[in-house]
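Structural overview
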Amino acid sequence: MKPLSLRHITALAAASLLAASQFAGTAKQTRRADPDKEKADYLYLEAQRHYAADSLDAYFELMSEANRLNPSDLYIANEVGFFNIAIDHNDSANVAENISHMMRYIESNPKDQTAASRFIRVASATGRSGDALHVLRLIYENAGNPALFGGNYASALSYTNNPDSIRKAITVMENVESIQGADINTTIAKMNMYLNLDDTASVFTSGRKLLEASPDRIENITFMGDVNMQLNRPDSALVYYNRAVEKDPSSGLAYYSRAQYYKQIGDSAAYDREVFTAMKHPDLDLEPKIEILRSYVSELYSDSTQSGRIRELFNSLVDQYPHEEELRNLYGSYLWIVQDLDDAAEQFSYMLDLNPDNKQSWIALSQIYYTLDDYDNATSTAKAALKYFPDDYDFYALLTTLSMLNGDYDKSMEYIDKSLSLTDSTDTEQLASIYGARADIEYRQGDFDKMTADYRKAIELNPEGSVYYNNLAYYMACEDRDLDKALEYITTALSIEKANTGENSATTLDTYAWILFMRKDYPQALEAIEQVLELGTIEKDADVFKHAGDIYFMNGNPDDALLYWKKALDLEPDDELLQRKVKNKTFFFK
């Protein structure tokens, strides 16, 4: 017999095997002496041994033979039917035949909830929702406690969108309520069913029934307000929200619910008032407070006039929860977004005092110092992070950049080599990034040949990395080396960028312009640099202004040349070559 490949059984089967094992053997029946049945019994026991050993192929073959010998054993037929469906659930005839075998077992054993649950999953997955609903009814009617399965049965009934079935579902849910009492979840389920029947009167009746059961519960009062808002009855909703606040003036939930009401009707002043009141109430949990704050900040952070109110909210919560990391993180992130970097650094420092194992906080604090041009604090922060993350690539990469900015190229090379040792040999993108960074260091160390070799290695590892083509081409132009090859590299970079983003960046276009300038192709260089200037993204890029000045001068436009040299000099006032160009209003190579 050709072995079955049950190791590749469908997800449907895999999800149900454990459940099947829980009742295996529980439904065996006493049999009269019969050779085939006795042999089937033996095969059944052997199958269980193979099942316990996780040998599914053998289990299925033994159970199939037992089923052939004794087709009247409903449990064995149920098991074989399940596996047959799992093996081929796309054959409708196969599914129909084996579903019927499984159904006969369930109908004879309606209290076997595990088998019934598996049947429901199989029937639902194979599009036989009617069979699934039938078995749900059997479970519901035969369960010792109908409330355990009433919700599932009612949901299945309501999904049919048949009015009679929905009314039956409502009856089931009312039966559940009579056993376990009214609660919000059951009430919501009933309300949705009434809405499907366009019976809004019963929706309110259900809500009032819930409220009558626990009239002093703030959750139930605000829930009725929410129901009225959903059904476009804002005046009635406000009555309930006000009642909640009056019932418990210290309830943060009551104020929060009323705040959402004002937000929905567009009364921003009242919304602000309720938000601030809710945030200061100690009985409202931190989680909803943070959600209020997150929503509030997302709406108003771009309005600088609201900064004071937002900070007031944050400070109020920080006073209440000084040791909550999530709150500190949210506050620090907000301050970072609005570019209050000093205060952002303070919040992330607090976070690290609370939890020094938070990697993202170390990265955020390092990057904030980096943005502030505080390279010493950025470096000390990244080094401190290594105490907790000694083999983390991100911090070595950051230290590489910081060392380069401080002019310590030997230290940069140490860090870059450490980054290389931490990188998986199959991670070609990250390896390319490391070789590219090492090439930058080597260029600053004056080793052009090593720089070229490492950039070519980066390109080999990541041939779609336009930055590597661009940087190598630029350095070749700066050193006046093999300008034909430099033009080839930058043309490739431009093509990759265009294919990936649909446009070219100012950086790559500037390199292209500079290579054309070095090749003395001044008209084309002018076209390229004007594209860069039109992008309007280079306000603080001194190199672009230098290049623009030189290119304009060589195209016979000394006035524009002087304009751009002056812009570059404003950004780099210590550049002696620029000083000479501006002073003499003429071009100098060196």
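Each value, and the rule that gives it
- Residues numbered from 1 in each chain as written.
- Predicted model: local features only at pLDDT ≥ 70, side-chain atom pairs only at ≥ 80, totals over all residues.
- Heavy atoms only, no water.
- Helix = DSSP H or I, 4+ residues; strand = E, 2+ residues; numbered from the N terminus.
- Rg over C-alpha atoms; globule rule 2.2 N^0.38 Å.
- Buried < 20%, exposed > 50% of the residue type's maximum accessible area, 1.4 Å probe, protein only.
- 1 Å grid on protein atoms, 1.4 Å probe; cavity = no way out; pocket = protein on both sides within 12 Å on 5 of 7 lines; lining within 4 Å.
- Points joined across faces, edges and corners; volume = space filled by probe spheres on them.
- Nonpolar A, V, L, I, M, F, W, Y, C, P; charged D, E, K, R; others polar.
- Phe/Tyr/Trp six-rings, centres within 6.5 Å; stacked < 30°, edge-to-face > 60°.
- Lys NZ or Arg CZ within 6 Å of the ring centre and 35° of its normal.
- Contact = heavy atoms within 4.5 Å.
- Axes fitted to C-alpha atoms, helices over the stretch in contact; angles between N-to-C directions.
- Left-handed = near helix turned anticlockwise from the far one by under 90°.
- Salt bridge = Lys/Arg side-chain N within 4 Å of Asp/Glu carboxyl O.

This next bit is on the overall build of the protein chain. When you go through the protein chain residue by residue, the secondary structure sums to 33 helices and zero strands. Its C-alpha atoms give the protein chain a radius of gyration of 36 Å, more than 25% over the compact-globule value 25 Å for 590 residues. For the C-alpha atoms alone, the extent of the protein chain along its principal axes is close to 110 × 75 × 45 Å. Here the protein chain, with 590 residues, has 46% of them falling under the buried criterion.

Once rolled over the atoms, a probe with the size of a water molecule shows which space is left empty. Volume-wise, the largest pocket comes out at about 440 Å³. Forming the walls of the largest pocket are 20 residues, and the residues nearest its centre are Cys478, Trp514, Asp550, Leu577 and Phe589. Looking at the lining of the largest pocket, the elements with two or more residues in it are α27 (466-478), α29 (506-518), α31 (542-554) and α33 (576-584). With four residues, the top contributor of residues to the lining of the largest pocket is α31. For the lining of the largest pocket, the class distribution of residues is eleven nonpolar, one polar and eight charged. Taken as a whole, the second largest pocket holds about 330 Å³ of empty space. Around the second largest pocket, the lining comprises 14 residues; the ones closest to its centre are Tyr474, Thr507, Asp510, Asp541 and Asp543. Contributions of two or more residues to the lining of the second largest pocket are made by α27, α29 and α31. Partitioned by chemical class, the residues of the lining of the second largest pocket number four nonpolar, five polar and five charged.

Okay, the packing of aromatic side chains next. In this description, a pair of aromatic rings is defined by centroid distance and the angle of the planes. One pass over the structure, following the stated rule, counts 29 aromatic pairs. Consider the rings of tyrosine 261 and tyrosine 262, whose centres lie 5.1 Å apart with planes at 65°: the pair is edge-to-face. Look at tyrosine 262 and you get buried, because its relative accessible area is 12%. Relative to tyrosine 475, the ring of tyrosine 455 lies with its centre 6.3 Å away and its plane at 40°, an arrangement referred to as tilted. In this pair, tyrosine 455 sits in helix α26 (residues 448-461) while tyrosine 475 sits in helix α27, placing the two residues 20 residues apart along the sequence. The class of tyrosine 455 is buried, set by a relative accessible area of 1%. A relative accessible area of 10% means that tyrosine 475 is categorised as buried. By way of ring pairs, the aromatic residues Trp514, Phe517, Tyr522, Phe553, Trp565 and Phe587 are connected into one cluster. Above the plane of the ring of phenylalanine 204 lies arginine 233, whose end atom (NZ or CZ) is 4.3 Å from the centre. Lying over the aromatic face of tyrosine 262, arginine 273 brings its terminal NZ or CZ to 5.5 Å of the ring centre.

For the rest of this paragraph, the subject is helix α22 (residues 375-385). If you check which residues of α22 are buried, you get Ala378, Thr379, Thr381, Ala382, Ala384 and Ala385. Tucked into the core, α22 has its buried residues touching α21 (359-371) and α23 (393-405).

A word on unusual backbone geometry. The backbone of aspartate 198 sits at a positive phi, close to 60°, despite the residue not being glycine. Looking at the element boundaries, aspartate 198 is found in the loop between α11 (184-196) and α12 (200-213). Of note in this structure, asparagine 232 is not a glycine but carries a positive phi near 60°. Relative to the elements of secondary structure, asparagine 232 occurs in the loop between α13 (218-230) and α14 (234-247).

With that settled, consider the packing of helix α32 (residues 558-571) against α33. Following both chains from N to C, one finds α32 and α33 inclined at 145°, their axes separated by 9 Å at the closest point. The two elements α32 and α33 cross, and the hand of that crossing is left-handed. Each of Leu562, Trp565, Lys566, Ala568 and Leu569 in α32 lies in contact with α33, whose residues at this interface are Leu578, Gln579, Lys581 and Val582. Grouping the constituent residues of the contact of α32 with α33 by class yields six nonpolar, one polar and two charged.

Across all of its chains, the model carries 31 salt bridges by this definition. Two residues, arginine 128 and aspartate 131, come together in a salt bridge whose shortest N-O distance is 2.8 Å. For the salt bridge of aspartate 164 with arginine 167, the shortest nitrogen-to-oxygen distance reads 3.2 Å. Remark: arginine 167 and aspartate 164 occur in helix α10 (residues 163-180); sequence separation between them is three residues, near one turn of the helix. Relative accessible area serves as the criterion here: at 45%, arginine 167 is assigned to the partly exposed category. Taken together, the shared-partner salt bridges connect Asp417, Arg438, Glu442 and Asp454 into one network.

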